[in-house]
Each structure stands twice: as structure tokens, then as C-alpha cells.
Amino acid sequence: MSADASDASSEFVRLLRSQRVWDTELPAFVPDTAPAEPLPLFMEWFAAAVAAGQTEPHTMSLATSDADGRPDVRIVMLHDADEKGWHFASHAGSRKGRQLAAGPYAALCFYWPAQGRQVRVRGRVTVAPPEVAHADLHARSTGALASALVGHQSEVLGSYEELERASDAAWERAQREPDAPAPSWTAYVLEPDEVEFFQGDARRRHVRLNYRWAGGTWVTELLWP
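In this text the structure is predicted, and so the values were computed from the model without any measurement.

## Some words on the packing of helix H5 (residues 142–150) against helix H6 (residues 160–176)
As a packed pair, H5 and H6 sit with axes 8 Å apart at the nearest point and diverge in direction by 125 degrees. If you check the angle between H5 and H6, you find them oblique. For the pair H5 and H6, the crossing hand works out as right-handed. Along its contact with H5, which presents Thr142, Gly143, Leu145, Ala146, Leu149 and Val150, the element H6 presents Leu163, Ala166, Ser167, Ala170, Trp171, Arg173, Ala174 and Gln175. Partitioning the contact of H5 with H6 into residue classes produces nine nonpolar, four polar and one charged.

Here it is as C-alpha cells:
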């Protein structure tokens, strides 16, 4: 390693180690008071994250795997959470869409540093009916529709100018046809079989409450941090 590369590496490590974690007062979490099912607690924590000023609390990491079992992860937006599961959407032909078609099992992770909290969700993913995807897309912004109309997600792009042309045309169509269909746009539902709630602690005595679906009911258990 050259001297310049060594200096850059040292500076990076110094910068990395100077970062603070949860530089805020963390809320208490008493697992004994948690509800019997994970969804009400998720909704409670989501509302608390919003109230605490958490940036984009509705975004989440979505992890899938390819045909060789290699993991893949990206940030997507939560569209709903109800008794069916956690809802999100994407193009069926995208990388995640293809991976979910081949292996319909995924994991989600929400991170809300404003309160030192994480929520991890794992389960089987199903495809919602096309009319659900259509309604979901058209309840969103013109920009969301235009992006869906561009399509080609995860495909190789020849040049940025090609994207600009396709995007301009899609914006014009979205404004002209606010109900325009985007056939590849797909709504997904992750039905959980495991949901973990993580509450950070300044002394690293983190609280981890895990809900596990077993025998037709939710079983709760504490996990060591």
C-alpha cells in the first residue's frame, strides 16, 4: 500500500470511529407490556418515529436472494401494513421482482435512529392482484406514475440521455393520462413468520423482542443483544 493510500485509510478509520451512535435520549421499552401480535407494536413504533422527527420512517431495506443463494438488498418504500402483512411494490421484471418470482421469501429492516430502534421482518412474499397494483400506483404522485411508465428497471442503460428522453416522455404521458396502466408494476405482500423489535440502549443492554409464528399463534421471546 502506498503512503497516500495508507494515509487515506487512516483518515477514513479516524472519521469512521469519530461518529456517534444514538446521540439522543432513547425511549424505554418494556417487553412485558408488548401486545400479543407484532402489527400493533409496529404501528405504535412507526407513529413514535414520525413524532420524533425521523427522516423517511416509511423506507426500509428489502433483502432477497438470487438463484445461487447470494443475498441482495436495497431501500424501498412501505406502502401499507395490515393483517395481511407488509406491502411494497416494484416492477415484476426488476432484479428484486425476478428474485421474488424464483424464491418468494424476503426480509425487511426498518431503522429509526432518532429513537435507536430497528424492526426486522421475515416471511413469504405473495403477489397482490393486478387491480391492487394499479390502484396503489395511481393513488401516488405524478412522478411515481411517470417512473413506473419508464419501466426497464435494473436493465442495462446505454446512456443517461436515453433515460432523460424516456423520463420526459413518461412525465408527459402521466400528466396527459393520469390513469395510464403500467403492466409490469406489481404489488407485493410479505406475510411475516418472524418480526423482531430492537430497542437500543446507551449501555449496550439492547432489548430485542422477537415474535415467531408457530403452531398457528405468535410466540414471543427475548433475544440476547
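Next, the rest of the story.
## Section: unusual backbone geometry
Most peptide bonds take the trans form, and the phi angle of most residues other than glycine is negative. For Trp22, which is not glycine, the phi dihedral falls at a positive 50 degrees. By the secondary structure assignment, Trp22 is in the loop between helix H1 (3–17) and helix H2 (38–51). Residue Trp22 is classed as buried on the basis of its relative accessible area of 16%. One non-glycine residue, His152, lies in the positive phi region at around 60 degrees. With respect to the helices, strands and loops of the structure, His152 is situated in the loop between H5 and H6. Looking at His152, the relative accessible area reads 57%, which means it is exposed.

## Focus: the pairing of strand S2 (residues 71–77)
Burial along S2 is one-sided: Asp72, Arg74 and Val76 are buried, and none of Pro71, Val73, Ile75 and Met77, which face the opposite way, are. One ladder, built from seven bridges, connects strand S1 (residues 59–65) with S2; its direction is antiparallel. When the sheet's bridge partners are listed, Leu62 is paired in S2 with Arg74. From the end of S1 to the start of S2, which pair antiparallel, there are five residues, and Gly69 there has a positive phi angle of about 80 degrees.

Here is what the cut-offs are and how they apply
- Residues numbered from 1 in each chain as written.
- Predicted model: local features only at pLDDT ≥ 70, side-chain atom pairs only at ≥ 80, totals over all residues.
- Heavy atoms only, no water.
- Axes fitted to C-alpha atoms, helices over the stretch in contact; angles between N-to-C directions.
- Helix = DSSP H or I, 4+ residues; strand = E, 2+ residues; numbered from the N terminus.
- Parallel < 35°, antiparallel > 145°, perpendicular 65-115°, else oblique.
- Left-handed = near helix turned anticlockwise from the far one by under 90°.
- Contact = heavy atoms within 4.5 Å.
- Nonpolar A, V, L, I, M, F, W, Y, C, P; charged D, E, K, R; others polar.
- Buried < 20%, exposed > 50% of the residue type's maximum accessible area, 1.4 Å probe, protein only.
- Pairing = 2+ DSSP bridges.

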